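# What the coordinates show
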Amino acid sequence: AAAPFAFFLFISFYFFFLSQKTDKAVLYLVFSAIFLNFACMTRFEGYLFIPLLWAFLFYKKSRHLLLFSALSLIFPIFWMYNSWYSDGIFLSFASTASKFSKEWMVTHLSLEDRALGWGYTLLSTLSPPLAILGFSGLIYSAIKRIYWSLGAIFILIFDIFTYVSIQGNISFQTTRY
């Protein structure tokens, strides 16, 4: 589910940031919210990006914040209601994953492995040349101040995942096959 998730998430980001630069902001925000819902359908980590994009719109004082909020919550609301109805917990998938991670990560991985795990996962998943190109793109966008907010979102999420992994609360993807 990682490839479709990344595809839908980046298409959502594309339309989101395109909406900030054109007159068709409403149309592009609708497309962004639709693809964000698709990303949330493939992996629950997509839920993390909803408040970040809201915060960006709030910071920009966008008058379309309410529309984007309503559209981006269509799937998550139905999913959380179904989880609550069947398990009694709104985020039952996150609760289950967290319990597994706390038991497994602390006993099987050293502190260094937990600190470097997400970086290694990105490097091994993307391949070293693609990871180097992506990291170079982040540096270039920060230096030139072009689309730096997209890079800032990525770095923020990466840092949060690394911090929580060090604590042993979530685990990064390991090779399964």
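See the structure above.
Residues numbered from 1 in each chain as written. Predicted model: local features only at pLDDT ≥ 70, side-chain atom pairs only at ≥ 80, totals over all residues. Heavy atoms only, no water.

### Looking at the layout of surface pockets
In this model, the second largest pocket occupies a volume close to 210 Å³. Taken together, Phe-17, Gln-20, Lys-21, Phe-56, Lys-60, Arg-145, Ile-146, Tyr-147, Trp-148 and Ser-149 make up the full set of residues lining the second largest pocket. In the lining of the second largest pocket, the residues fall into five nonpolar, two polar and three charged. (1 Å grid on protein atoms, 1.4 Å probe; cavity = no way out; pocket = protein on both sides within 12 Å on 5 of 7 lines; lining within 4 Å. Points joined across faces, edges and corners; volume = space filled by probe spheres on them. Nonpolar A, V, L, I, M, F, W, Y, C, P; charged D, E, K, R; others polar.)

### Examining a nonpolar patch on the surface
There is a patch of nonpolar side chains on the surface, built from Leu-27, Phe-31, Ile-34, Phe-38 and Met-41 and spanning about 410 Å² of accessible area. With respect to the helices and strands, Phe-38 occurs in helix H2 (residues 25-42). Relative accessible area serves as the criterion here: at 32%, Phe-38 is assigned to the partly exposed category. (Patch = residues over 30% accessible without salt bridge, like charges linked within 9 Å, V, L, I, M, F, W, Y side chains within 5 Å. Areas by Shrake-Rupley, 256 points an atom, 1.4 Å probe, with all protein chains shown as cover. Salt bridge = Lys/Arg side-chain N within 4 Å of Asp/Glu carboxyl O. Helix = DSSP H or I, 4+ residues; strand = E, 2+ residues; numbered from the N terminus. Buried < 20%, exposed > 50% of the residue type's maximum accessible area, 1.4 Å probe, protein only.)

### Here we look at the packing of helix H3 (residues 49-59) against helix H4 (residues 65-72)
Any two packed helices are characterised by how steeply their axes cross, that is the angle between the axes, and by the distance between the axes. The contact between H3 and H4 brings their axes to 10 Å, and the two run at 170 degrees. The pairing of H3 with H4 is recorded here as roughly antiparallel in orientation. Contacts from Ile-50, Leu-53, Trp-54, Leu-57 and Phe-58 in H3 reach Leu-65, Phe-68, Ser-69 and Ser-72 in H4. Partitioning the contact of H3 with H4 into residue classes produces seven nonpolar, two polar and no charged. (Axes fitted to C-alpha atoms, helices over the stretch in contact; angles between N-to-C directions. Parallel < 35°, antiparallel > 145°, perpendicular 65-115°, else oblique. Contact = heavy atoms within 4.5 Å.)

### With respect to the packing of aromatic side chains
Under the definition given, this model contains 17 aromatic pairs. Taken together, a centroid distance of 6.3 Å and an interplanar angle of 75 degrees make the contact between Phe-10 and Phe-13 edge-to-face. Placement of both Phe-10 and Phe-13 in helix H1 (residues 2-19) is noted, with a separation of three residues, approximately one turn of the helix. (Phe/Tyr/Trp six-rings, centres within 6.5 Å; stacked < 30°, edge-to-face > 60°.)

### Remarks on H2
Note: α-helices contain 3.6 residues per turn, so residues at a spacing of three or four share the same orientation. For H2, spanning 18 residues, the distance from its first C-alpha to its last is 26 Å, which sits close to the expected 26 Å at 1.5 Å a residue. Of all the residues in H2, the buried ones are Ala-25, Tyr-28, Leu-29, Ser-32, Ala-33, Phe-35, Leu-36, Asn-37, Ala-39 and Cys-40. (Expected span 1.5 Å × (residues − 1).)

### What to know about the side chain of Ser-19
Structurally, Ser-19 is set in helix H1. On the basis of relative accessible area, Ser-19 is assigned to the buried category, the value being 4%. A distance of 3.2 Å separates polar atoms of two side chains, one belonging to Ser-19 and the other to Gln-20. Apart from residues lying up to four places away in sequence, Ser-19 is in contact with Ala-25, Tyr-28 and Leu-29. (Polar contact = N/O pair within 3.5 Å; in protein donor to acceptor, adjacent residues only side chain to side chain.)

### A word on the packing of H2 against H3
Between H2 and H3, whose axes approach to 11 Å, the crossing angle comes to 160 degrees. Classed by the angle they form, the pair H2 and H3 counts as roughly antiparallel. The two elements H2 and H3 cross, and the hand of that crossing is right-handed. When H2 is examined against H3, the residues Leu-29, Leu-36 and Cys-40 are found in contact with a partner set consisting of Phe-49, Ile-50, Leu-53 and Leu-57. Looking at the contact of H2 with H3 residue by residue, the class counts come to seven nonpolar, no polar and no charged. (Left-handed = near helix turned anticlockwise from the far one by under 90°.)

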